[in-house]
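# Structure assessment
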Amino acid sequence: MEPRIATVNRVTKETDISLTLNLDGSGQCSIDTGIGFFDHMLSGFARHGLFDLTLKCRGDLEVDSHHTVEDCGIVLGEAIRQAAGEKKAVKRYGSAILPMDEALMLCAVDLSGRPYLVFDVSYTAPMLGTMQTELFHEFFYAVSYAGAMNLHLKMLSGMNNHHIAESSFKAFGKALDMAAMYEERLNGAVWSTKGVL
C-alpha cells in the first residue's frame, strides 16, 4: 500500500499553518504552534498513534490561543480526511481506554464521513501552561468536523488536569490509529452497507 500522506496549508488573517501527516508513520513529529502545552499534547497524539506529524503554526497569540488551537484542529482534521482518502479496506472504527495515573480516558472514532463530537471531559483549572483548558473542546470539535468523523471522548476518572488532557490526546491517537488500520478481509472494499464513506 502507498503511504497515506497529506499536506495541508491554511493562511488567514489570524493564523498561518503548514501541516504534513503520515497515517502510516512511526510516531516522529516536529511541532511548533507557539503554545508549549499544545505542542506537548500533539506530540503525544502523534507518538501514540504512530503518525508522523510536522506542524508549523504562526498565530495571533497576542490576542489569545483560541484561533491557533481551533485552526490547527481544522487543518489536522482536513489532513486526516485527505490522507484516509476513500477509506477502502480500513477498519473504520477505533477505540481506546487509556490510563494515565489516576486519569482514565475513553475515546471512540468512526471514520464515517459524518462529523459529530461528544466531549464529556471536565477540567478544574482554567489554564495549563499558556493554554486555556476550554480550548480542548474547540480543538476536538474542529478535528471531528474537518475530518468528517464521529468522535467521542469521555473521562471515566481523573483529578489532575494535565493527566486528563494528555490522556485525551493519547487516547485519540490510539483510537484513530485503530480506525485507520487496514482490514485484509474487506478485499479493498469500504466497510459500509452503502458502499461509500
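Residues numbered from 1 in each chain as written. Predicted model: local features only at pLDDT ≥ 70, side-chain atom pairs only at ≥ 80, totals over all residues. Heavy atoms only, no water.

## A closer look at the packing of aromatic side chains
Using the criterion set out here, one finds 12 aromatic pairs in the structure. Here a set of aromatic residues connected by ring pairs shows up, and it is made of F37, F38, F45, F51, F119, Y123, F136, F139, F140, F169 and F172. Above the ring of Y182, the side-chain terminus of R4 is found at 4.5 Å from the ring centroid. (Phe/Tyr/Trp six-rings, centres within 6.5 Å; stacked < 30°, edge-to-face > 60°. Lys NZ or Arg CZ within 6 Å of the ring centre and 35° of its normal.)

## Regarding the pairing of strand 5 (residues 93–100)
Of the two faces of strand 5, only the one carrying G94, A96, L98 and M100 is buried; Y93, S95, I97 and P99 on the other face are not. Taken together, strand 5 and the strand that follows it, strand 6 (residues 103–110), pair antiparallel across an intervening segment of 2 residues, in which D101 is found at a positive phi of about 55°. (Buried < 20%, exposed > 50% of the residue type's maximum accessible area, 1.4 Å probe, protein only. Helix = DSSP H or I, 4+ residues; strand = E, 2+ residues; numbered from the N terminus. Pairing = 2+ DSSP bridges.)

## Observations regarding the pattern of salt bridges
Evaluation of the coordinates by the stated rule reveals 11 salt bridges. Its salt-bridge partner being K56, residue D32 comes within 2.9 Å of it at the nearest N-O pair. With D32 in strand 3 (residues 29–32) and K56 in strand 4 (residues 52–59), this residue pair connects regions lying 24 residues apart in the sequence. A relative accessible area of 41% means that K56 is categorised as partly exposed. Its salt-bridge partner being K88, residue E86 comes within 3.1 Å of it at the nearest N-O pair. (Salt bridge = Lys/Arg side-chain N within 4 Å of Asp/Glu carboxyl O.)

## Observations regarding the sheet that holds strand 6
Strand order in the open sheet formed by 4 strands is 5-6-10-7, and the pairing between neighbours is mixed. Bordering the open sheet on either side are strand 5 and strand 7 (116–120), each of which pairs with just one other strand. Put simply, the sheet's adjacent strands are angled 10° from each other on average, direction ignored. Pairing of strand 6 with strand 10 (residues 150–157) involves 7 bridges; the strand directions are antiparallel. Counted as the bridge partner of A108 is H152 from strand 10. In the packing of helix 3 (residues 135–146) onto the sheet, the strands contacted are strand 7 and strand 10, and the crossing angle to strand 7 comes to about 155°. Across the sheet, helix 4 (residues 161–180) is in contact with strand 5, strand 6 and strand 10; its angle to strand 5 comes to roughly 150°. (Axes fitted to C-alpha atoms, helices over the stretch in contact; angles between N-to-C directions. Contact = heavy atoms within 4.5 Å.)

## Examining the environment of G77
Residue placement: G77 occurs in helix 2 (residues 66–84). The class of G77 is buried, set by a relative accessible area of 0%. Considered as a pair, G77 and R185 are 108 residues apart in the sequence and their alpha carbons are 27 Å apart. If we ignore the near neighbours within four places in the chain, the residues touching G77 are V143, A146 and G147.

## Observations regarding the packing of helix 3 against helix 4
Closest axis-to-axis distance for the helix 3/helix 4 pair is 12 Å, and the angle between their directions is 10°. One finds that helix 3 runs roughly parallel with respect to helix 4. Contacts from F136, F139, F140 and V143 in helix 3 reach A165, S168, F169 and F172 in helix 4. Along the lines of polarity and charge, the residues of the contact of helix 3 with helix 4 split into 7 nonpolar, 1 polar and no charged. (Parallel < 35°, antiparallel > 145°, perpendicular 65-115°, else oblique. Nonpolar A, V, L, I, M, F, W, Y, C, P; charged D, E, K, R; others polar.)

## Looking at helix 1 (residues 36–49)
Each turn of an α-helix holds 3.6 residues, which means side chains three or four residues apart point in the same direction. End to end, helix 1 covers 20 Å across 14 residues, agreeing with the expected 20 Å (1.5 Å per residue, within 8%). The complete set of buried residues in helix 1 reads F37, F38, D39, M41, L42, G44, F45, A46 and G49. With its phi angle positive at about 60°, L50 sits one or two positions after the end of helix 1. (Expected span 1.5 Å × (residues − 1).)

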